[in-house]
Amino acid sequence: MSGLSHEKFGIGQPVSRKEDPRLVTGRGRYTDDIDLPNQAYAVFLRSPVAHGLVSRLDVSEAKAGAGVLAVVTADDLEGAGYGTFQNMLPLKSADGTPLFAPPRPLFANDRIRHIGEILAMVVAESEAAAKDALERIVLDVTRLPVVADIEAALAEDAPEVHPGHANRCLDWRAGDAQAVAAAFDKAVHISRVRLENNRVVVASLETRAALATYDPDTDRYILHTGCQGAFGLRQGLAGLLNVEAAQVHVLTDDVGGSFGMKAAPYPEYVPMLHAAKAISRPIKWRDMRSEAFMSDHQGRATVMEGELALDAAGQFLAVRVRHIADMGAYLTAFGPAMPSANMLKNLPSLYRTGALAIQTECVFTNSVVIGPYRGAGRPEANYVMERLIDQAARETGRDPADLRRRNLIPKDAMPYRALSGLDYDSGDFEAVLDKGLDLADWRGFEARRRESEGRGRIRGRGLACYLEVTAPPRDEMGGIRFEDNGRVTLTTGTLDYGQGHATAFAQVVAQQLGIPFELIDLVQGDSDQLLAGGGTGGSRSIMASGKAFVEASAHVVEQGRALAAHRFEAAVDDLVFAISPSGQGVFRIKGTDREISLLDLADVSTDPDTRPDGLESGLDVALVAEAPPSAFPNGCHIAEVEIDPETGMVTLDRYAALDDFGTLVNPMLVEGQVHGGVVQGIGQAMLEQTVYDDNGQLLTGSFMDYAMPRANDVPTIDVGFHPVPATSNPLGAKGCGEAGVTGALPAIMNAISDALTSAGARPVDMPATSERIWQALNDADGPV
């Protein structure tokens, strides 16, 4: 490897993703691409009603169907002793009572609680035969009253989703309510907003799929499926199967998007493994898109009432938020944490607010369950804060940028103890704001507004500053293995579903060890090769796996010094490791020209008998690194929109994103993450909305009714960076995967609100569809 190539592929270089040539030429290997000899096919019977008692479930005719191999019901699963989905979060209501967390069964038995809940599985020789048999199942349901609206679910006479318990499963409080009340009493101005954070369908490009097998010789269950971490999924499946984790093997190949949705086990997996063991054959299932709308967990679905108190100078005295969060019919593993713990962590953002108080009510409804969706509470917290600030600026006649600047935490205050109790280690928020304003040409807005007015359009601009708290630490594996063919394999428990891990991790190791980038491979989706694994989520992968690979590289160097000393018959202390001018990692005896490259040392050390005592593994390293603490990515996003008042059509005309993600291991991949997050923000802000009717029926059950962003909805996204390295991890990285959507939601909606209020109309909620915009403009009765 030449010095030039080392510079090209090291940390900070915009290296193309290793997997791209394979993926764009159709050589990807997703779960549905995998077939095994003699495999059977599974399909699932899903409830057509949202709430009811099962009076009859007759599967006898289905079992007699042509090619049918098995029919599995809740009775079969309960009889086999399998577990249920449990929520173990240690959350408590204000009165001290623990979170009400009823178990979620794999299949509904006597009671159905949401549309699409599974009642039975049919396994047959073909998918068509399984579907034919499914039609022969007789299902009789006594319908029960339905509650699908979260605010209606809080009414005293609301139908109970879980009989004997009110629909509120958590009434959580945080902050200092007395200090907030005192601050509000002395405030010169109080701004208020009520915001709906619309429920969204995750809609990953690749729907879920699974291929289940059982090995009787080893008594092991094997599951091929897309996920966000093979190690964690193995642990979860083992708990549901009531077996030791070593009896479960999870294999994940390419994953076509997840955004939080594929992280946890789903009800389909255990019955598939159960049936694979029963019939001694592999069983395959693939979700249809129409099923995915009902079978995948959904995201967001909250109502927030926010208040911001300011003094005469515009200082933020206090913020108060009441947050009502829809959980769906059951709790997912992380569902209640998003509107509670994550709201507390992220609401303070990058401002010197005097006090905060949060009330979060988590509520059951007869709807599909809610789980993590890109950001998982971080966008919601930043959204309410940024909408409040713009509202305050509008009401007090202040420039929205100046009002934010006045309240930013200064650079010289770092480290800074936030109201969340977390310590911000780094950040230069004012510089990020200034660079963001320049990137967006903030000063040129008025000229663009006049030009829009000349064409009969209404132009608005929106600013959003944000700070996110990345996922809490989970220990991570760092493995470096030197193969006989001269290649090097990295192993870690985070998992790529579009992020480009194979490239970024290779850049880290190439820089640490001077190994040619093109010789480095990555294994992350085989649970048998993992010692630990926190999975990918919460924007932590480069920090957790990056730190693990830095530590593993240091171990490789120490082992290499001992091996090289043994080969040269020299003292270990006389051996040094360095990156040569040619870019190779080499071991050299001090004061001499005697040296050996790392890869040559690996090659000549393949025979364990030639290795010194204690180094039987040669240069190979497999360790579990203590994960670094959360980091604090932050940024300034600015959007400009144009509205056609005749139709209500909104055009997102300009978008600028200026972010501080700390050290950028690969700026090109980071920019791609920003683009993706912003586009998902565009979707939620302007187009997407999951709608249930009063009977709990899903009205937006396909892409005919559920609008997704398209290329012509997306403007050129100008991206810039102001890296302030984190001090909490050796790379100085801060995480970037969710920031795009966190900045986009308030930036876009603030821009739309600016345009509407300039025309005398009131702001609207997400999604800001043309219908809502047109109605708001036609209801306008003067300046707002």
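These remarks concern the structure in this document. Here, residues in each chain are numbered from 1, in the same order as that chain's written sequence. Given that the model is predicted, a residue must reach a pLDDT of at least 70 before its local features are reported, and side-chain atom pairs must reach 80 or more before they are shown or counted; all residues, however, enter totals for whole chains, interfaces and linings. Note that water and hydrogens are dropped before the side-chain values are worked out from all heavy atoms of the structure.

1. Examining the overall build of the protein chain
Strands here mean DSSP runs of E at least two residues long; helices mean DSSP runs of H or I at least four residues long; both are numbered from the N terminus. When helices and strands are tallied, the protein chain shows 21 helices and 28 strands. The C-alpha atoms of the protein chain give 28 Å as radius of gyration, which agrees with the globular expectation for 784 residues (28 Å, within 12%). Each of the three principal axes of the protein chain carries a C-alpha extent, and together these read 90 × 70 × 55 Å. In this scheme, a residue with accessible area under 20% of its type's maximum is buried, one over 50% is exposed, and one in between is partly exposed, where area comes from a 1.4 Å probe on protein chains only. Across the 784 residues of the protein chain, 60% fall into the buried class. A contact between two residues is defined here by any heavy atoms of the two lying within 4.5 Å. Across the protein chain, the fraction of contacts at a sequence separation of at least 24, relative to all contacts at a separation of at least 6, is 79%. Under the counting rule used here, the positive set is Lys and Arg, the negative set is Asp and Glu, and His together with the chain ends is not counted. One atom stands in for each charge, and that atom is NZ of Lys, CZ of Arg, CG of Asp or CD of Glu. Of the side-chain charges in the protein chain, 71 are positive and 106 negative, and the distance between the mean point of each set is 3 Å. Atoms considered for the radius of gyration are the C-alpha atoms alone. The globule rule reads 2.2 Å times the number of residues to the power 0.38.

2. With respect to the pattern of salt bridges
Basic side-chain nitrogens of Lys or Arg form a salt bridge, by our definition, when they fall within 4 Å of a carboxyl oxygen of Asp or Glu. Going through the model one piece at a time under the given rule, you end up with 51 salt bridges. The closest approach of N and O atoms between Arg-56 and Asp-58, which form a salt bridge, is 3.2 Å. Overall, the relative accessible area of 23% leaves Asp-58 in the partly exposed class. Where Arg-168 meets Glu-361, a salt bridge forms, and the shortest distance between an N and an O atom there is 2.8 Å. Placement of Arg-168 in strand S7 (residues 168-175) and of Glu-361 in strand S15 (residues 356-364) is noted, with a sequence separation of 193 residues between them. Because the salt bridges share partners, they merge into one network encompassing Asp-441, Arg-448, Glu-451, Arg-455, Arg-459, Glu-640, Glu-642, Asp-653 and Arg-654.

3. Observations concerning the nonpolar core
The term nonpolar core refers to a set of buried residues drawn from Ala, Val, Leu, Ile, Met, Phe, Trp, Tyr and Cys, joined through side-chain atoms within 4.5 Å. Core analysis: the largest hydrophobic core is formed by 106 residues, its most contacted members being Leu-308, Leu-347, Tyr-655, Ile-748, Ile-752, Leu-756 and Ile-773. If you tally residues by element for this core, the top one is helix H20 (residues 739-758), at 11 residues. Leu-347 has contacts with Val-319, Val-321, Ile-358, Ala-381, Val-384 and Met-385, leaving out every residue within four places of it along the chain. Ala-40, Val-72, Tyr-214 and Val-243 belong to the second-largest nonpolar core, a separate cluster that totals 58 residues.

4. Here we look at a negative patch on the surface
Together, Asp-75, Asp-76, Glu-78 and Asp-110 line one region of the surface with negative charge. Take Asp-110: it is sitting in the loop between helix H4 (74-79) and strand S4 (111-112). Residue Asp-110 is classed as exposed on the basis of its relative accessible area of 53%. Patches here: salt-bridge-free residues with over 30% relative accessible area, like charges joined within 9 Å, nonpolar side chains (Val, Leu, Ile, Met, Phe, Trp, Tyr) joined within 5 Å. Note that accessible areas follow from Shrake-Rupley with a 1.4 Å probe, and for residues the cover is restricted to the protein chains shown.

5. Description of the packing of helix H12 (residues 378-396) against helix H13 (residues 400-407)
Across the interface, H12 lies against H13 with an axial gap of 9 Å and an inter-helix angle of 115°. For H12 against H13, the interelement crossing comes out right-handed. On the side of H12, the interface is formed by Glu-386, Ile-389, Asp-390, Ala-392 and Ala-393, while H13 contributes Pro-400, Leu-403 and Arg-404. Within the contact of H12 with H13, the residues separate by chemical class into five nonpolar, no polar and three charged. The angle between two axes is taken between their N-to-C directions and runs from 0 to 180 degrees, where each axis is a line fitted to C-alpha atoms and a helix contributes only its stretch in contact. Helix crossings fall into two classes, left-handed where the near helix is turned counterclockwise from the far one by less than a right angle and right-handed where it is turned clockwise. Basically, the charged four are Asp, Glu, Lys and Arg, the nonpolar ten are Ala, Val, Leu, Ile, Met, Phe, Trp, Tyr, Cys and Pro, and anything else, Gly included, counts as polar.

6. A few points about the environment of His-722
Topologically, His-722 is positioned in the loop between strand S28 (717-721) and H20. The residues touching His-722, leaving out its near neighbours within four places in the chain, are Asp-428, Ala-431, Val-432, Lys-435, Leu-658, Asp-659 and Asp-660. For the purposes of these results, a polar contact is taken to be a pair of N or O atoms within 3.5 Å, where, inside protein, one atom must be able to donate a hydrogen and its partner to accept one; residues adjacent in sequence count only when each atom of the pair is a side-chain atom. In this structure the side chain of His-722 is engaged in a polar contact, spanning 3.0 Å, whose partner is the side chain of Lys-435.

7. As for the sheet that holds strand S1 (residues 40-46)
The strands that make up a sheet pair up through hydrogen bonds in the backbone, lying either parallel or antiparallel. In this analysis, strands are considered paired if DSSP registers two or more bridges between them. Overall, mixed pairing links the seven strands, which are arranged S3-S5-S1-S12-S9-S10-S11 in an open sheet. Strands at the two margins of the open sheet, each flanked by one partner only, are strand S3 (68-73) and strand S11 (248-251). The sheet shows a mean angle of 20° between the axes of neighbouring strands, direction not considered. With two bridges joining them, S1 and strand S12 (residues 283-286) adopt parallel strand pairing. Note that in S12 the partner of Ala-40 across the bridge is Ile-283.

8. A look at the packing of helix H19 (residues 667-686) against H20
Orientation of H19 relative to H20, taken along the N-to-C sense of each, is 40°, at an axis distance of 7 Å. Here H19 lies oblique to H20, going by the angle between them. The way H19 lies across H20 gives a crossing that is right-handed. Across from Val-674, Gly-677, Val-678, Gln-680, Gly-681, Ile-682, Gln-684, Ala-685 and Met-686 in H19, the residues of H20 making contact are Gly-740, Val-741, Ala-744, Leu-745, Ile-748 and Met-749. A per-class count over the contact of H19 with H20 returns 10 nonpolar, five polar and no charged. Should an angle fall under 35 degrees it is called roughly parallel, over 145 degrees roughly antiparallel, and 65 to 115 degrees roughly perpendicular, with every other angle called oblique.

9. As for the sheet that holds strand S6 (residues 138-143)
Read across the sheet, three strands follow the order S4-S2-S6 without closing on themselves; strand pairing throughout is antiparallel. In this open sheet, the two strands that pair with only one neighbour each are S4 and S6. Where strand S2 (residues 52-58) and S4 come together, two bridges link them in antiparallel fashion. By the bridge assignment, Gly-52 is partnered in S4 with Ile-112.

10. Describing unusual backbone geometry
Omega for the bond connecting Met-414 with Pro-415 falls within 30 degrees of zero, at -5°, which places this linkage in the cis form. Inspection of the secondary structure puts Pro-415 in the loop between H13 and strand S16 (416-417). Residue Pro-767 follows Met-766 across a cis peptide bond; omega there is -5°. One can find Pro-767 in the loop between H20 and helix H21 (770-779). Although it is not a glycine, Ala-301 sits at a positive phi angle of roughly 65°. The residue Ala-301 is located in the loop between helix H10 (289-295) and strand S13 (302-310) in this model. Residue classification places Ala-301 among the buried residues on the basis of a relative accessible area of 7%. At Asp-441, a position not held by glycine, the phi torsion is positive, near 55°.

11. What to know about the packing of aromatic side chains
Here the aromatic set is Phe, Tyr and Trp, taking the six-membered ring for Trp, and pairing holds for ring centres within 6.5 Å; pairs whose planes are under 30 degrees apart are stacked, those over 60 apart are edge-to-face, and all others are tilted. Applying the stated criterion across every chain, the model contains 14 aromatic pairs. Measuring from ring centre to ring centre gives 5.7 Å for Phe-44 and Trp-285, while their planes differ by 90°; the resulting arrangement is edge-to-face. Taken together, the residues span a long stretch of sequence, with Phe-44 in strand S1 and Trp-285 in strand S12 at a distance of 241 residues. Pair check on accessibility: Phe-44 and Trp-285 agree, each one buried. With 5.1 Å between their ring centres and 55° between their planes, Tyr-214 and Tyr-221 make a pair best called tilted. Each member of the pair, Tyr-214 together with Tyr-221, is buried.

12. A word on the side chain of Arg-561
Structurally, Arg-561 is set in helix H17 (residues 541-568). We classify Arg-561 as buried; its relative accessible area is 15%. For Arg-561, the side chain forms a polar contact with the side chain of Glu-558, separated by 3.0 Å. Setting aside its immediate chain neighbours within four residues, Arg-561 contacts Val-572, Asp-573, Leu-575 and Phe-587.

13. Quick word on the environment of Ile-324
With respect to the element layout, Ile-324 can be found in strand S14 (residues 316-328). Here Ile-324 falls in the buried class, since its relative accessible area comes to 3%. Between the alpha carbons of Ile-324 and Glu-361 there is a distance of 4.8 Å; along the sequence they are 37 residues apart. In this view, Ile-324 contacts Ile-150, Glu-151, Leu-154, Ala-301, Thr-302, Val-303, Glu-361 and Val-363; residues no more than four positions away in its chain are not counted.

14. Side note on H19
Across its 20 residues, H19 extends 28 Å between first and last C-alpha, which sits within 8% of the 28 Å expected from 1.5 Å per residue. Put simply, Asn-666 is the residue that caps the front of H19, since its side-chain oxygen is 3.1 Å from the backbone nitrogen of Met-668. Expected span, for any helix, means 1.5 Å times one less than how many residues it has.

15. So, the state of the cysteines
Note that a disulfide, as used here, is simply two cysteine sulfur atoms within 2.5 Å. A full pass over the atoms with the stated rule returns zero disulfides. Of all cysteine sulfurs, the one in Cys-362 lies closest to Cys-169, which takes part in no disulfide; the gap is 5.1 Å.

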